[in-house]
Amino acid sequence: MFDQHYDVIVVGAGHAGAEAAAAAANMGSKTLLVTMNLQNIAQMSCNPAMGGIAKGQIICEIDALGGYSGIVSDESAIQFKMLNRSKGPAMWSPRVQSDRMLFAQKWREMLEATPNVDFYQEMITDLIFDQDRVKGVITSTGIHIYSHSVVLTNGTFLNGLIHIGEKNFGGGRAGESAATGLTKSLQDRGFVSGRMKTGTPPRVDGRSLNFDLMEEQPGDPDPSKFSYLNRTTPLTSQRSCHMTYTSIEVHDLLRSGFDRSPMFNGAIKSTGPRYCPSIEDKINRFADKNRHQIFVEPEGWNTIEYYINGFSTSLPQDVQFKALRKVAGFEHVKFFRPGYAIEYDYFPPLQLKHSLETKLVKGLFFAGQINGTTGYEEAAAQGLMAGINAHRYHMGDAAIVLQRSEAYIGVLIDDLITKGTDEPYRMFTSRAEYRTLLRQDNADIRLTRQSHALGLASDERLSLVEKKLTATEELLGYFNKTSISPDEANSFLASKNSALIKQSDKMTKIFSRPKITMQDMLTVDKVATYIKENNFEQSALEQAEVQIKYAGYIEKERANADKLQRLENVRIPSNFDYHVLASLSHEAKEKLTLVQPTTIAQASRISGINPSDISVLLVKLGR
């Protein structure tokens, strides 16, 4: 099996590893996916959900590029919600509640149906190097497997240490052992590593809960989906989540265990996620809050297991149990397993190129939590790009890098390798300066053509995008050139408290008013007839509506993106010596030397680099 070289070896089969293996294989690379337990491919280690604020946009982008996460999320969903509907479409973010076991099953089925993917179960403890290049991996039993490139997606397994109260033990997640050896191998090659921490809440028996004391959280009445392909369909039935709250009594019980908490007694020394704190961290940091929300999430269609979102903790088991029993609806709760925290090794991402290839070793790529991120979606996005670029590396082709104006994935990777991170990185819409351009509804328009040219997105995907674009242009042309009379418009304008018109006006002008929607325009007979006769799909209607109502914002962001692109085109030579520039500040010299930006635009995004430093660089580069 291992006599011949693989093109790509992917280590780890979580969300990053699964996407990396699929991408590399679908582009034509002979790919080996190595993991410590083949029964846990694409395991949802924490919450049983995909998407959310900005994360939903990432899943749509992965789907548009030909990745699998959107399809798997749709096929294993038990509830769908479009978050932030009350805000503009740039903020709309799809999210699904997932069937945890079905999610992993679908992922495995799709990988097994992917030509060019081989599987192997064993721990990887070392890498094979040839000077400054990676040449393969070494397993815990000493097997040498050779390849042209390697993608490391080790998640929380590198020297993982699980904490529950005053007890701690090695593990990558509950019930699974930690991965050892690889950190030291990389450190010996000159890599710098650090430690991060994350946590997870208890899982409980739903039969022991009183849902009558909680607030029901149903899915959308008209659910949508992630994938742009027609192979998935929106849900026709859904499972509800529920919401309840902690109380002062709950907080007091939790505080009683602080002296035995690894968060406060010094056992945990690493940094946890700022935006997903443990319950003990929340009541310590926000002592003025009398209660915190708890979301009670079903783990699947046919299971009694529930995930207690908002109650992540590493407190002793007895404290967790006593405190949770004081939460409304949990008076008789039974645990499946307690919450715990886990510390693990990561490698600060300043050591990477935009391609996610390491700067120190050619052909070696990092993706996922090894780079300091948190979240399935961020990991899957990195895995996809690492898989693409690992394939292109062994083919001798230039790396594919998505710009910040092209995708949230571009923002994510640029943030990591330009700014670095010393705490688990999570994506938000606020991190993207061009979020009006980077909507969930147009990810296919933004990315599918490029992915198809790479040989990743299928002909079917491209055909659907072309059809959507053509239909959208026809709709925009119709609204731009067609007039609407007072008799046709004033009834729905009055219902929306919008000023009435006294003479005919172009439909686009009326449509662009606040509160006026496509549904309002469809009350006009000629509009409804035109759309019906041309059989326009909902995606084209939504696209036309967004482009009409937000035309000014979209054009402004596009103009700003074009200006920045000029700086993206000003390349900085590799190994540029910043210390010879006397006009640069000492801080600028240090940070520019550390990051080694490839363009002026990237240099401008480094923390501590100011406009005068950029001016000095532009002069030096003759620009």
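Just above, that's the structure.
The paragraphs below set out a description of the structure included in this document. The structure displayed is predicted, hence computed values, not measured ones. (Residues numbered from 1 in each chain as written. Predicted model: local features only at pLDDT ≥ 70, side-chain atom pairs only at ≥ 80, totals over all residues. Heavy atoms only, no water.)

**A few points about the sheet that holds strand β16 (residues 293-298)**
On the basis of which strands lie adjacent, the open sheet formed by 6 strands has the order β14-β15-β16-β17-β13-β18 and antiparallel pairing. Because the sheet does not close on itself, it has two edges, and the strands there are β14 (215-217) and β18 (335-337). Averaged over all neighbouring strand pairs, the angle between strand axes comes to 35°, with direction disregarded. Direction of pairing for β16 relative to strand β17 (residues 305-309): antiparallel, over a ladder of 4 bridges. Residue pairing in the sheet places Phe295 in a bridge with Asn309 of β17. (Pairing = 2+ DSSP bridges. Helix = DSSP H or I, 4+ residues; strand = E, 2+ residues; numbered from the N terminus. Axes fitted to C-alpha atoms, helices over the stretch in contact; angles between N-to-C directions.)

**Description of the pattern of salt bridges**
Throughout the structure, instances matching the rule amount to 36 salt bridges. A salt bridge links Asp132 to Lys362; its shortest N-O distance comes to 3.7 Å. Residue Asp132 is found in the loop between β7 (124-130) and β8 (133-139), and its partner Lys362 is found in the loop between β19 (340-346) and β20 (364-366); the two are separated by 230 residues along the sequence. Classification of Asp132 as partly exposed rests on a relative accessible area of 32%. Among the salt bridges present, the one from Lys509 reaches Asp505, with a minimum N-O distance of 3.6 Å. (Salt bridge = Lys/Arg side-chain N within 4 Å of Asp/Glu carboxyl O. Buried < 20%, exposed > 50% of the residue type's maximum accessible area, 1.4 Å probe, protein only.)

**A look at the packing of helix α12 (residues 459-481) against helix α17 (residues 538-549)**
For any two helices packed against each other, one specifies the crossing angle of their axes together with the interaxial distance. Axis separation between α12 and α17 bottoms out at 9 Å; the angle between their running directions is 50°. With respect to α17, the axis of α12 lies oblique. The way α12 lies across α17 gives a crossing that is right-handed. The residues of α17 that touch α12, namely those facing Lys468, Ala471, Thr472, Leu475, Leu476 and Phe479, are Ser539, Ala540, Leu541, Gln543, Ala544, Gln547 and Ile548. Grouping the constituent residues of the contact of α12 with α17 by class yields 8 nonpolar, 4 polar and 1 charged. (Parallel < 35°, antiparallel > 145°, perpendicular 65-115°, else oblique. Left-handed = near helix turned anticlockwise from the far one by under 90°. Contact = heavy atoms within 4.5 Å. Nonpolar A, V, L, I, M, F, W, Y, C, P; charged D, E, K, R; others polar.)

**Thoughts on unusual backbone geometry**
Even without being glycine, Ala42 reaches a positive phi, approximately 55°. With respect to the element layout, Ala42 can be found in the loop between β2 (31-35) and β3 (49-51). Overall, Ala42 belongs to the buried group, its relative accessible area being 0%. Positioned with a positive phi, Asn497 is a non-glycine residue whose angle comes to about 55°. Its place among the elements puts Asn497 in the loop between α13 (486-495) and β22 (505-506). According to the relative accessible area criterion, Asn497 is exposed, its value standing at 73%.

**Observations concerning the sheet that holds β3**
Picture the strands of a sheet paired through backbone hydrogen bonds; they go either parallel or antiparallel. Taken in spatial order, the 3 strands of this open sheet run β3-β5-β4, and their pairing is antiparallel. Each of the sheet's edge strands pairs with one partner strand only, and the pair in question is β3 and β4 (77-83). Pairwise comparison of adjacent strand axes, ignoring direction, gives a mean angle of 15° for this sheet. By the bridge criterion, 3 bridges tie β3 to strand β5 (residues 93-98) in an arrangement that is antiparallel. Counterpart to Gly51 in the pairing with β5 is Arg95.

**Re the state of the cysteines**
For the structure on display, the rule yields 0 disulfides. The cysteine Cys241 is free of any disulfide, with Cys46 supplying the nearest cysteine sulfur at 14 Å. (Disulfide = S-S within 2.5 Å.)

**Observations concerning the pairing of β7**
Where β7 lies against β8, 6 bridges are found, and the strand directions are antiparallel. Bridging from a neighbouring strand, Ile124 pairs with Thr139 of β8. Hairpin connection from β7 to β8: 2 residues lie between these consecutive antiparallel strands, with Gln131 at a positive phi of about 55°.

**Focus on helix α1 (residues 15-26)**
Along its 12 residues, α1 runs 17 Å from first to last C-alpha, staying within 8% of the 16 Å computed at 1.5 Å per residue. Among the 12 residues in α1, 11 count as buried, and that is most of the element. For α1, every residue scored as buried is listed here: His15, Ala16, Gly17, Ala18, Glu19, Ala20, Ala21, Ala22, Ala23, Ala24 and Ala25. (Expected span 1.5 Å × (residues − 1).)

**Some remarks on the nonpolar core**
Among the nonpolar cores identified, the biggest contains 102 residues, and Leu152, Leu364 and Ile409 are the most heavily contacted of them. With 9 residues, the single largest contributor to this core is helix α9 (residues 376-395). Aside from chain neighbours lying at most four places away, what touches Leu152 is Val11, Leu127, Leu182, Leu186, Leu364, Phe365, Phe366, Ala367 and Ile370. Ranked by size, the runner-up nonpolar core spans 25 residues in total, among them Leu476, Ile484, Phe492 and Phe511. (Core = buried A, V, L, I, M, F, W, Y, C linked by side-chain atoms within 4.5 Å.)

**Focus: the side chain of Glu61**
Along the chain, the position of Glu61 falls in helix α2 (residues 55-64). In this structure the side chain of Glu61 is engaged in a polar contact, spanning 2.9 Å, whose partner is the side chain of Arg446. Beyond its immediate stretch of four places on either side in the chain, Glu61 contacts Ala407, Tyr408, Ile409, Ala443, Arg446 and Leu447. (Polar contact = N/O pair within 3.5 Å; in protein donor to acceptor, adjacent residues only side chain to side chain.)

**Description of the packing of α9 against helix α10 (residues 408-419)**
For the pair α9 and α10, the least separation of the axes is 10 Å and the interaxial angle reads 90°. In terms of axis orientation, α9 runs roughly perpendicular to α10. Contact with α9, carried on its side by Glu378, Ala381, Gln382 and Met385, involves Ile409, Leu412, Ile413 and Leu416 of α10 and no other residues of that element. Residue composition of the contact of α9 with α10, by class: 6 nonpolar, 1 polar and 1 charged.

**Observations regarding the packing of aromatic side chains**
Enumeration according to the criterion identifies 17 aromatic pairs in this entry. Look at Tyr478 and Tyr530: their rings are 3.9 Å apart centre to centre, the planes differ by 5°, and that puts the pair in the stacked class. Of this pair, Tyr478 sits in helix α12 while Tyr530 is found in helix α16 (residues 525-534), placing the two residues 52 residues apart along the sequence. Summarising the burial analysis for this pair, Tyr478 and Tyr530 share the class buried. Its guanidinium or amino end placed over the ring of Trp92, Arg85 lies 4.5 Å from that ring's centre, counting from NZ or CZ. Looking at Arg291, its charged tip hangs above the ring of Tyr245, at a distance of 3.6 Å from the centre. (Phe/Tyr/Trp six-rings, centres within 6.5 Å; stacked < 30°, edge-to-face > 60°. Lys NZ or Arg CZ within 6 Å of the ring centre and 35° of its normal.)

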